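The residues making up each chain are set out below.
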Protein chains: 2
Amino acid sequence: MTDLRELSIDDIESLSVGAWILGTGGGGSSYLGLLNMRALYAEGYRVSLMQPADLADDDWVAAVSNMGAPLVGQERLTDSRTIARAVDLMERHTGYRFRGIMALEIGGGNSIQPLMAAAHLGRPVIDADMMGRAYPEAQMTSVAVGDLKPYPLSTVDCRGLESVVEKVPTWKWMERVSRKICVEYGSIASTCKAPRTGREVKDWGIHGTTTKAIEIGHAVREAQRRHEDPIAAILSVEPGKVLYRGKVMDVERRATEGFLRGRTRFDGIDEWKSTSMELAFQNEWIVAWQDGEPIAMSPDLICVLDSVTGEAVGTETIRYGQRVTVIALPCPPVFMTPKGLQHVGPRAFNYDIEFKSVFA
Amino acid sequence: MTDLRELSIDDIESLSVGAWILGTGGGGSSYLGLLNMRALYAEGYRVSLMQPADLADDDWVAAVSNMGAPLVGQERLTDSRTIARAVDLMERHTGYRFRGIMALEIGGGNSIQPLMAAAHLGRPVIDADMMGRAYPEAQMTSVAVGDLKPYPLSTVDCRGLESVVEKVPTWKWMERVSRKICVEYGSIASTCKAPRTGREVKDWGIHGTTTKAIEIGHAVREAQRRHEDPIAAILSVEPGKVLYRGKVMDVERRATEGFLRGRTRFDGIDEWKSTSMELAFQNEWIVAWQDGEPIAMSPDLICVLDSVTGEAVGTETIRYGQRVTVIALPCPPVFMTPKGLQHVGPRAFNYDIEFKSVFA
């Protein structure tokens, strides 16, 4: 017998808030996904959560995400059936029947995509992902660190376009080919990544991240309701650390090669009054410098939060004058290995800095 | 019992010459394909030709071609196994077993691609194609005129990249998505187009074009051997018409949007001494103007031939000073219909000219 936990719409509201925080500035807003789930729940659909440990070794699991430019994703509103079609296409292509559906990345809007697919297909969501946050590129996952097979990958869009990338020599090639397809679709595609066996999910998945996002979001929402400090609430459920409090002084943002890249600079308040902080981003926050010294960097999670509401501030929405609190959260151990750091350490983003964890 | 005709290497040499002439300036040289076939024949491989009429209605037929920039195709030499892998990928994706393999376009190098796949896979080549010549875009085929299903399409390359475009709303979308994949592969990919049933090939294929190309090539080669006029030899086997004889005075060529576009201008000799001719091309020759008047245009075949050897002059190789003879050959009837002209008439190439056949 497998324990399944049916998610309430309140859980999904919390997931939406928590996932945005775990998005470390990227992954896009999870709000549109939440709207879809509210509509599906109103129509009677329900989604359950299944633990990775309950998978059989030879089960097949679908890992899904939307891929593309975050801003386009907000203009072309998500139809919840689209991501289900990506999974359906993968089932037709491989002949597998998926036991459950998991997130590629728990950070941002992609945390909700597996729920939409699960609702339409009547399968559980697996309580795991492959990033434990959001990252911008296909090779920045635990399964890529584990050198698992990068293919096949299915892509669909709302027009009815459907493609499968059947074979690539490397994860970076998967990134290249699938991103070009997605750009031709109009810079947004719903994708089902390389199917994973239950054994692979148990060995290489990052477990419990849906639950973690729900807990973080729940803590923030409860604090908001009680007019308590939402940042303190996050730190009461996660072993994180406040890095900085300040005000946004400058944002420099450019869309390049399908990514949002740039920097932002803060002036400190409270105990950080006479110090400045600078953050660099590629979709997500990558490195934080305090007075010119790197003090936090990927793969540690750098989260920029609205100091009042505790909600995430995204790299695409951050603007002059916002009051923000920067916190760090610990990263999944798989990324702290030498192989993991090759995939997501500072040098993977072209910063010639030796990784040092905030939590070391 | 099905009649199969085993092709000799001499047949394939003739096919190579004749297909280049039917390429109407495009389709790329068929010489590299010929080199591959010589090597395969030396290793003992053989290829047979099967008539479309011998297909059962429910047989499946693979239609293959290389897709990409002709010049890249000459730099990255073709491995004959690559096109066989495109067919193999399609069989794995669909679960079909193909009865035979046919050309997408009989014009240029793509006339030889089905032979290479057929040699490796041990299937016959179907004596038919879907263009009766070469055209630059995916929607410029008899099967697109017939509104047959445009998908799926498989693409592979020599590195091991493999993708399937599973579904598109229109033939133009297939052109867009598959071309982007091909560009990301490095501007050259081997493709297997939407599988066709035997019934579809019998109804919508352009029949006998492999044989026709062999006959044209054979006529040219025999004339060369006997020091006779090769142009007259072509016109003895095909109901064509000489449009012009002259010398290349100017070539204007630009690579845009994945195509080779441009114009070339000739000065006349013999009876055309006091007239000029201008040809516009998009990979293939599209419109011919004599003294400013359009006298030949797609879908009629416009072939520019070397006046001495009778061999085709390609849009990518034509150069100042060449002595050329321009001939027209009749086009397959399917393209003369109103629907056919929508796909391949002058307006499909943005020339606001009412189609008038050279042979009307």
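Residues numbered from 1 in each chain as written. Chains lettered and ligands numbered in written order. Predicted model: local features only at pLDDT ≥ 70, side-chain atom pairs only at ≥ 80, totals over all residues. Heavy atoms only, no water.

**Quick notes on the domain arrangement of chain A**
Residues and elements named next belong to chain A.
So, step 1. As far as domains go, chain A holds domain 1 (4–209) and domain 2 (239–349).
So, step 2. Domain 1 puts 33 residues into the contact, and the matching count from domain 2 is 31 residues.
So, step 3. Across the domain 1 to domain 2 interface the summed buried area is about 2400 Å²; carbon plus sulfur atoms make up 66%.
So, step 4. For the pair domain 1 and domain 2, the number of links is nine residue pairs in polar contact (both at pLDDT 80 or more).
So, step 5. Where the side of domain 1 that touches domain 2 is concerned, the elements lending two or more residues are α1 (9–22), α3 (70–75), α6 (142–145) and α7 (171–184).
So, step 6. For the side of domain 1 that touches domain 2, a count of residues per class yields 16 nonpolar, 12 polar and five charged. (Domains from an automatic or database assignment. Contact = heavy atoms within 4.5 Å. Buried area = accessible area lost by both parts, 1.4 Å probe. Polar contact = N/O pair within 3.5 Å; in protein donor to acceptor, adjacent residues only side chain to side chain. Helix = DSSP H or I, 4+ residues; strand = E, 2+ residues; numbered from the N terminus. Nonpolar A, V, L, I, M, F, W, Y, C, P; charged D, E, K, R; others polar.)

**Some details on the nonpolar core**
So, step 1. Within the largest apolar cluster, 152 residues are counted, with the highest numbers of intra-cluster contacts made by A:I21, A:M37, A:V47, B:I21, B:M37 and B:V47.
So, step 2. Ignoring any residue separated from it by four or fewer positions in sequence, one finds B:M37 in contact with B:I9, B:I12, B:V47, B:I112, B:L115 and B:M116.
So, step 3. Formed by 26 residues, the second largest nonpolar core is a distinct cluster that contains A:L161, A:V168, A:M174 and A:Y185. (Core = buried A, V, L, I, M, F, W, Y, C linked by side-chain atoms within 4.5 Å. Buried < 20%, exposed > 50% of the residue type's maximum accessible area, 1.4 Å probe, protein only.)

**Side note on the sheet that holds strand β15 (residues 284–290) of chain A**
All names here are of chain A.
So, step 1. Here we have seven strands laid out as an open sheet, ordered β16-β15-β14-β13-β12-β18-β17, and antiparallel in their pairing. Looking at which strands have only one partner, the edges of the open sheet turn out to be β16 (293–297) and β17 (301–306). The mean inter-strand angle of the sheet, taken between neighbouring strand axes irrespective of direction, is 35°.
So, step 2. Examined bridge by bridge, strand β12 (residues 241–256) and strand β18 (residues 323–329) share six bridges and lie antiparallel to one another. Bridge pairing in β18 links Y244 to V326. (Pairing = 2+ DSSP bridges. Axes fitted to C-alpha atoms, helices over the stretch in contact; angles between N-to-C directions.)

**Observations regarding the pairing of strand β9 (residues 188–192) of chain B**
All names here are of chain B.
So, step 1. When you tally the buried positions in β9, you get five out of five residues, the bulk of the element.
So, step 2. Going residue by residue along β9, you find I188, S190 and C192 tucked away on one face and A189 and T191 tucked away on the opposite face as well.
So, step 3. Inspection of the sheet shows strand β3 (residues 60–68) paired to β9 by five bridges, in the antiparallel sense. Considered in β9, the bridge of S65 is made with T191.
So, step 4. Of the strand pairs in this sheet, strand β7 (residues 153–156) and β9 are connected by three bridges, and their pairing is antiparallel. Paired with S154 across the two strands is C192, which belongs to β9.

**A look at helix α9 (residues 209–225) of chain A**
So, step 1. In this model, α9(A) (17 residues) spans 24 Å end to end at C-alpha, consistent with the 24 Å of a helix rising 1.5 Å per residue.
So, step 2. Where α9(A) terminates, the next one or two residues include A:H227, which has phi positive at roughly 55°. (Expected span 1.5 Å × (residues − 1).)

**Some remarks on the sheet that holds strand β16 (residues 293–297) of chain B**
Whether parallel or antiparallel, the strands of a sheet pair through hydrogen bonds between backbone atoms.
Residues and elements named next belong to chain B.
So, step 1. In space, the seven strands of this open sheet follow the order β16-β15-β14-β13-β12-β18-β17, with antiparallel pairing throughout. The two strands at the open ends of the sheet, each matched to only one other strand, are β16 and β17 (301–306). Neighbour to neighbour, the strand axes of the sheet diverge by 35° on average, direction disregarded.
So, step 2. Taken together, the 10 bridges between strand β12 (residues 241–256) and strand β13 (residues 259–268) define a ladder with antiparallel strand orientation. Paired with A255 across the bridge in β13 is L260.

**Here we look at the packing of helix α1 (residues 9–22) of chain B against helix α2 (residues 31–42) of chain B**
A pair of packed helices is captured by two measures, namely the crossing angle of their axes and the spacing between those axes.
Residue and element names in this part refer to chain B.
So, step 1. At a minimum axis separation of 9 Å, α1 and α2 run at an interaxial angle of 170°. The orientation of α1 relative to α2 falls into the category roughly antiparallel. Facing I9, I12, E13 and S16 of α1, the residues of α2 in contact are Y31, L34, M37, R38 and Y41.
So, step 2. In terms of residue class, the contact of α1 with α2 is made up of six nonpolar, one polar and two charged. (Parallel < 35°, antiparallel > 145°, perpendicular 65-115°, else oblique.)

**Describing the relation of the copies chain A and chain B**
So, step 1. Taken as rigid bodies, chain A and chain B are interconverted by a rotation of 180° and an axial shift of 0.1 Å, the fit giving an RMSD of 0.0 Å. Those values place the two copies in the arrangement expected of a two-fold rotation axis. Looking at the rotation axis and the C-alpha trace of chain A, the residue lying nearest is A:V164, at 2.4 Å. (Least-squares fit on C-alpha atoms with pLDDT ≥ 70 in both.)

**Brief notes about the side chain of B:T275**
So, step 1. One can find B:T275 in the loop between β13 and β14 (276–282).
So, step 2. Dropping the residues within four chain positions of it, B:T275 is found in contact with B:Y244, B:D267, B:G268, B:Q290 and B:D291.

**Quick word on the interface of chain A and chain B**
So, step 1. Counting residues at the interface gives 21 residues for chain A and 21 residues for chain B.
So, step 2. Between chain A and chain B lies a buried interface of about 2000 Å² when both sides are counted; carbon and sulfur atoms form 58% of it.
So, step 3. For the pair chain A and chain B, the number of links is six salt bridges.
So, step 4. Here B:R176 ties to A:E184 by a salt bridge, and the two come within 2.7 Å at their closest N and O atoms.
So, step 5. Summed over the shared surface of chain A and chain B, the number is 12 residue pairs in polar contact (both at pLDDT 80 or more).
So, step 6. Those elements giving two or more residues to the side of chain A that touches chain B turn out to be α4 (80–94), β8 (162–167) and α7 of chain A.
So, step 7. With five bridges joining them, β8(A) and strand β8 (residues 162–167) of chain B adopt antiparallel strand pairing. The residue bridging A:S163 from the neighbouring strand is B:V165, located in β8(B). (Salt bridge = Lys/Arg side-chain N within 4 Å of Asp/Glu carboxyl O.)

**Some words on the packing of α9(A) against helix α10 (residues 230–237) of chain A**
All names here are of chain A.
So, step 1. Where α9 contacts α10, the two axes come as close as 8 Å, and the packing angle between them is 145°. As α9 runs across α10, the sense of the crossing is right-handed. Side by side, α9 and α10 meet where E215, I216, A219, V220 and A223 of the first sit next to P230, A233, I234 and V237 of the second.
So, step 2. For the contact of α9 with α10, the per-class residue count stands at eight nonpolar, no polar and one charged. (Left-handed = near helix turned anticlockwise from the far one by under 90°.)

**Brief notes about the packing of aromatic side chains**
So, step 1. Overall, the coordinates contain 14 aromatic pairs over all chains when judged by the stated rule.
So, step 2. Pairing B:Y135 with B:F335 gives two aromatic rings, centres 5.6 Å apart and planes at 80°, and the pair type is edge-to-face. With B:Y135 in the loop between β6 (128–129) and α6 (142–145) and B:F335 in the loop between β18 (323–329) and α11 (338–344), this pair connects stretches of sequence that are 200 residues apart. Residues B:Y135 and B:F335 agree in their burial class; the two are buried.
So, step 3. Its end group placed over the ring of A:W173, A:R176 keeps NZ or CZ at 4.0 Å from the ring centre. (Phe/Tyr/Trp six-rings, centres within 6.5 Å; stacked < 30°, edge-to-face > 60°. Lys NZ or Arg CZ within 6 Å of the ring centre and 35° of its normal.)

**Comments concerning the side chain of B:D300**
Residue and element names in this part refer to chain B.
So, step 1. With respect to the element layout, D300 can be found in the loop between β16 and β17.
So, step 2. Although buried, D300 forms no salt bridge, and the nearest oppositely charged side chain, R133, lies 7.5 Å from it.
So, step 3. Contact partners of D300, with chain neighbours within four places excluded, come to R133, L329, C331, F355, K356, S357, V358 and F359. (Lys, Arg positive; Asp, Glu negative; His and termini not counted.)

**Some remarks on unusual backbone geometry**
Where the residue is not glycine, phi is negative for most of them; where a peptide bond is considered, it is trans in most cases.
So, step 1. The omega angle of the peptide bond from A:Y151 to A:P152 is -5°, so this bond is cis rather than trans.
So, step 2. Relative to the helices and strands, A:P152 is located in the loop between α6 and β7 (153–156).
So, step 3. The omega torsion of the bond from B:S298 to B:P299 falls at 15°, within 30 degrees of zero and hence cis.
So, step 4. With respect to the helices and strands, the residue B:P299 is situated in the loop between β16 and β17.

**A look at the pattern of salt bridges**
So, step 1. One pass over the full model with this rule turns up 54 salt bridges over all chains.
So, step 2. Note that B:D11 is salt-bridged to B:R5, the shortest N-O span being 3.4 Å.

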